[in-house]
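Listed below, chain by chain, are the residues.
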Amino acid sequence: MSGGDESLAETFWAVTRRLRHQTKRALAPWDISPGHARALGVLMRHGALRPGALAEHLRIAPRSATEVIDGLQERGLVQRRPDPGDRRATLVTPTAEGERVGTAIRQARATEAERFFGVLSPDDRADLARILRLLRAE
């Protein structure tokens, strides 16, 4: 199949697979899954969150968020603590090691993104960002 025969959807999925592969490669030094990295990133951006709020940010089921938190806690990247506003509730927050790893991952991903999107001109990047935001809003 020549490039002209490839549908827009096929091209999009090929680019998505390539980006996913590069993301996994960028995360390899920390032996962390993309899902765990996303959760750690959310916690670093938003601070301490209840597990349900983390699930909402990640757009996953609360049960899945619990599994993600468990995995991060086992690695010493997050900790659970009582919510001072409601002692029955739990907050999840990055540990010092979680902050260190999260910062390193953010830098590695930024480097990979620059490499990935670096072939585009600034105008093309702006157009792509605008188009992707339109599609995401659907």
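First, a word on scope: everything that follows refers to the structure included in this document.

Side note on the side chain of Asp 83
(1) Moving on: Tracing the sequence through the fold places Asp 83 in strand β1 (residues 78-83).
(2) Moving on: Under the relative-accessibility criterion, Asp 83 is labelled buried at 11%.
(3) Moving on: Sequence-distant contacts of Asp 83, defined by excluding residues within four places in its chain, comprise Arg 50, Ala 89, Thr 90 and Leu 91.

A word on the layout of surface pockets
(1) Moving on: By volume, the largest pocket amounts to about 1500 Å³.
(2) Moving on: Lining the largest pocket are 40 residues, with Leu 19, Ala 113, Phe 116, Phe 117 and Leu 132 positioned closest to its centre.
(3) Moving on: Contributions of two or more residues to the lining of the largest pocket are made by α1 (8-27), α2 (34-46), α5 (96-117) and α6 (122-137).
(4) Moving on: Top contributing element to the lining of the largest pocket by residue count: α1, with 12 residues.
(5) Moving on: The residue inventory of the lining of the largest pocket, partitioned by class, reads 24 nonpolar, six polar and 10 charged.

Quick look at the side chain of Gln 22
(1) Moving on: Among the structural elements, Gln 22 can be located in helix α1.
(2) Moving on: Apart from the residues within four sequence positions on either side, Gln 22 is in contact with Glu 112 and Phe 116.

Describing the pattern of salt bridges
(1) Moving on: All told, the structure shown has nine salt bridges when counted by the stated rule.
(2) Moving on: Note that Arg 80 and Asp 70 form a salt bridge whose closest N and O atoms lie 2.7 Å from each other. In this pair, Arg 80 is assigned in strand β1 and Asp 70 in helix α4 (residues 62-74), connecting sequence segments 10 residues apart.
(3) Moving on: One salt bridge connects Glu 114 with Arg 125, and the closest N-O pair in it is separated by 2.9 Å. Here the residue Glu 114 occupies a position in helix α5, and Arg 125 occupies one in helix α6, the gap between them amounting to 11 residues.
(4) Moving on: Overall, Glu 114 belongs to the partly exposed group, its relative accessible area being 46%.
(5) Moving on: Through salt bridges that share partners, Arg 50, Asp 83, Asp 86 and Arg 88 make up one connected network.

Criteria and thresholds
Residues numbered from 1 in each chain as written. Predicted model: local features only at pLDDT ≥ 70, side-chain atom pairs only at ≥ 80, totals over all residues. Heavy atoms only, no water. Helix = DSSP H or I, 4+ residues; strand = E, 2+ residues; numbered from the N terminus. Buried < 20%, exposed > 50% of the residue type's maximum accessible area, 1.4 Å probe, protein only. Contact = heavy atoms within 4.5 Å. 1 Å grid on protein atoms, 1.4 Å probe; cavity = no way out; pocket = protein on both sides within 12 Å on 5 of 7 lines; lining within 4 Å. Points joined across faces, edges and corners; volume = space filled by probe spheres on them. Nonpolar A, V, L, I, M, F, W, Y, C, P; charged D, E, K, R; others polar. Salt bridge = Lys/Arg side-chain N within 4 Å of Asp/Glu carboxyl O.

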